[in-house]
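# Results of the structural survey
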Amino acid sequence: MSKAELAVFMSAVAICSSAVATGGVQDWRGRVGPDAAPSRVAPIRAPFDMPQLSRPAFPDRVFNVADYGAVGDGRTKNTKAIAAAVEACAKAGGGVVLLPTGTWLTGTIHLKSNVNLRLSQGATLRFSDDPEDYLPVVFTRWAGFECYNYSPLIYACDCEKIAVTGPGTIDGNGRPWWPWAKRQADTAMRMYREQILRNVPVAERIYGTPEHGLRPQLISPIRCKNVLLEGFTIAKAGPFWTIDLVYCDRVIARRLRVLTTGGPNTDGLNVDSSTNVLIEHCTFNTGDDCICMKSGMNEDGWRVGKATENVVIRYNLTEKGHGGVVFGSDTSGGIRNVFFHSCIFRGTDVGIRLKSTRGRGGVVERVWGRDIDMARVRREAIQVTTAYRAWMGTTKGKAPTFRNMTLRDLKVSGAGQAVKLQGLPEAPIQALHLTDITMTAREGFLAKWTKDVRLENVTIRASKGPALRWEQCDNLKINGQSQNVSGSLKQ
């Protein structure tokens with residue numbers, strides 16, 4: 001990181017700290033989670049240029065779904081009635097489509113521009129488990145590949161000014177879909193080998209049958225601008241990824257409770273080749289990654305060539321999940337300009353996780369993390385690997401690049417391992433700076449194939465083995481002292 005970038009980063013940190021003090025809270029931990037969220041969206045301070053984001057404004061018009069024939073008894077299927085309310089709202093120039101108190105069973109919901117889907121207190125939006133209710137197929141990006149598949153449960157494409165707001169609840173009813181996971185890897189691999197590598201047009205990649213279908217996402221806006229997700233609870237996981245922001249610009253996700261444990265691949269919120277995104281004051285308790293940055297898979301990701309960039313993540317609580325803040329493994333389009341701070345991770349598998357593999361390519365860079373409190377992390381508190389082998393991981397192909405990352409002011413207690421860095425001989429992990437960090441863990445710091453990694457005021461107490469070990473590390477500096485290519489230290 002250049003001196004100019006460092007100055008901007010420290011300025012952003014100072015402003016954040018000042019804002020906390022001014023608000024009468026002595027510790028940023030008092031601002032974490034939905035219940036501690038202020039009513040207004042605070043100014044964004046980041047070590048990169050990013051526009052200030054504000055909620056989209058909607059007209060005062062209210063379109064109650066009950067007025068269009070919907071029945072909130074939990075048994076009546078309301079797909080057509082809700083669609084009629086959305087259509088009427090959009091034709092009138094926008095407003096609120098209201099779900100009042102009740103349990104509203106439905107198939108897919110397609111939002112339109114200028115529509116706010118609002119779930120009242122006591123309202124539960126429950127989704128059907130009949131695949132026919134998510135046809136016809138729609139354009140989507142499924143786990144990094146573009147195709148036509150069952151519609152996401154809440155879907156919008158090429159819309160501007162859309163919202164889903166609470167305080168009601170969403171029941172994704174995903175359990176009947178979860179057995180599909182056993183064959184989805186084969187289906188996706190077949191798509192990759194037989195269609196993507198042969199340059200089959202996206203319009204011909206159709207997966208909308210029970211035999212060959214892919215589990216749909218719960219909420220997925222695609223190519224949308226000015227999106228708001230606020231104040232609702234997802235109490236039961238959907239079929240697949242929970243919130244997937246694809247090719248979107250200017251998104252605010254705040255005061256969400258995403259409680260999606262139990263199902264396979266039920267990620268909390270994925271930022272998928274999207275820009276200018278704010279995620280704040282949320283709680284995640286998921287069956288996969290909690291908050292994850294992605295940008296497409298392999299050749300299809302390179303073809304699209306759209307990075308995830310300008311993302312700020314602040315004041316979130318992550319509990320059960322594969323990782324608190326995660327990058328990859330879909331990195332082919334690149335990920336840059338991500339700043340996460342003032343978050344608490346409790347009981348996740350990994351804390352901060354950057355993962356990719358040969359065959360993906362892509363550059364992950366300009367990542368900043370600050371003021372993260374971790375406890376009971378089962379595996380690594382910090383994991384950075386370009387040798388990830390799950391989900392189409394290979395030992396061949398274009399290597400990803402991870403570089404220019406700064407993590408500071410971290411407190412970790414009770415991790416399985418403090419830090420694990422695993423680069424590749426042809427693509428070492430580059431320019432990672434760890435500063436002002438204290439960690440207790442079963443195992444300490446391990447680095448292999450890195451370049452220009454620096455540790456300043458890092459304290460690691462490991463109950464097993466040396467606190468620090470490294471192999472094939474070029475220009476590793478610990479408190480300003482350069483170390484040999486391989487070695488170890490106790491603390």
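Everything below is about the structure printed above this text.
Everything numeric here is computed off the predicted structure, so don't read it as measured data. (Residues numbered from 1 in each chain as written. Predicted model: local features only at pLDDT ≥ 70, side-chain atom pairs only at ≥ 80, totals over all residues. Heavy atoms only, no water.)

### Concerning the packing of aromatic side chains
Put simply, the rule reads: Aromatic rings from Phe, Tyr and Trp, taking only the six-membered ring of Trp, are treated as a pair when their centres fall within 6.5 Å; an angle between ring planes under 30 degrees marks them as stacked, one over 60 as edge-to-face, and anything in between as tilted. Secondary structure is summarised from DSSP: a helix means a run of H or I of at least four residues, a strand means a run of E of at least two, and numbering begins at the N terminus for each. Burial status follows relative accessibility: with a 1.4 Å probe on protein chains alone, a residue under 20% of its type maximum counts as buried, one over 50% as exposed, and anything between as partly exposed. Lysine and arginine charges are scored as sitting over a ring when NZ or CZ, respectively, is within 6 Å of the ring centre and within 35 degrees of the ring normal.
Applying the stated criterion across every chain, the model contains 10 aromatic pairs. When the centroid spacing of 4.7 Å and the interplanar angle of 10° are considered together, the rings of Trp142 and Phe240 count as stacked. Here Phe240 lies in the loop between strand E16 (233-236) and strand E17 (243-246) and Trp142 lies in strand E8 (residues 138-142), a separation of 98 residues in the sequence. The pair Trp142 / Phe240 is uniform in exposure class, with both members buried. Note on Tyr150 and Trp180: the rings are 5.7 Å apart at their centroids and 55° apart in plane angle, and the pair reads as tilted. You can see Tyr150 sitting in the loop between strand E9 (145-149) and strand E10 (154-157) and its partner Trp180 sitting in the loop between strand E12 (169-171) and helix H3 (181-196), a full 30 residues away along the chain. Here the two residues Tyr150 and Trp180 agree in accessibility, since each one is buried. Put simply, the rings of Tyr134, Tyr150, Trp177 and Trp180 touch in pairs and so form one group of aromatic residues. Against the face of Trp180 rests Arg183, its NZ or CZ located 4.8 Å from the ring centre. The ring of Trp302 has Lys398 sitting right over it, with the charged end atom 3.9 Å from the ring centre.

### Regarding the pattern of salt bridges
For clarity, the cut-off: Each reported salt bridge corresponds to a side-chain nitrogen of Lys or Arg within 4 Å of a carboxyl oxygen of Asp or Glu.
A complete count under the given rule lists 30 salt bridges for this structure. Through salt bridges with shared partners, a single ionic network connects Arg55, Glu230, Arg254, Arg255, Glu280 and Arg314.

### With respect to the environment of Phe445
Counted only if it meets this: When checking whether two residues touch, look at their non-hydrogen atoms; a contact exists if any pair is within 4.5 Å.
As for its placement among the helices and strands, Phe445 is situated in strand E32 (residues 429-451). Distance in space between the C-alpha atoms of Phe445 and Ile382 is 9.3 Å, their sequence separation being 63 residues. What Phe445 contacts, discounting residues up to four positions off in sequence, is Ala418, Val419, Leu421, Leu434, Leu455, Ile460, Ala467, Leu468 and Arg469.

### Quick look at the sheet that holds E8
Put simply, the rule reads: At least two bridges found by DSSP between two strands are what make those strands a pair. Orientation is described by axes fitted as lines to C-alpha atoms, over the contacting stretch for helices, and by angles from 0 to 180 degrees between their N-to-C directions.
Ordered in space as E8-E9-E13, the three strands form an open sheet in which the pairing is mixed. The sheet terminates laterally at E8 and strand E13 (206-207), the two strands that pair on one side only. The sheet contact formed by E8 and E9 spans five bridges and is antiparallel. Each residue of the ladder has a partner; that of Phe139, found in E9, is Tyr148. Against the sheet, H3 touches E8, E9 and E13, its axis set at about 110° to E9.

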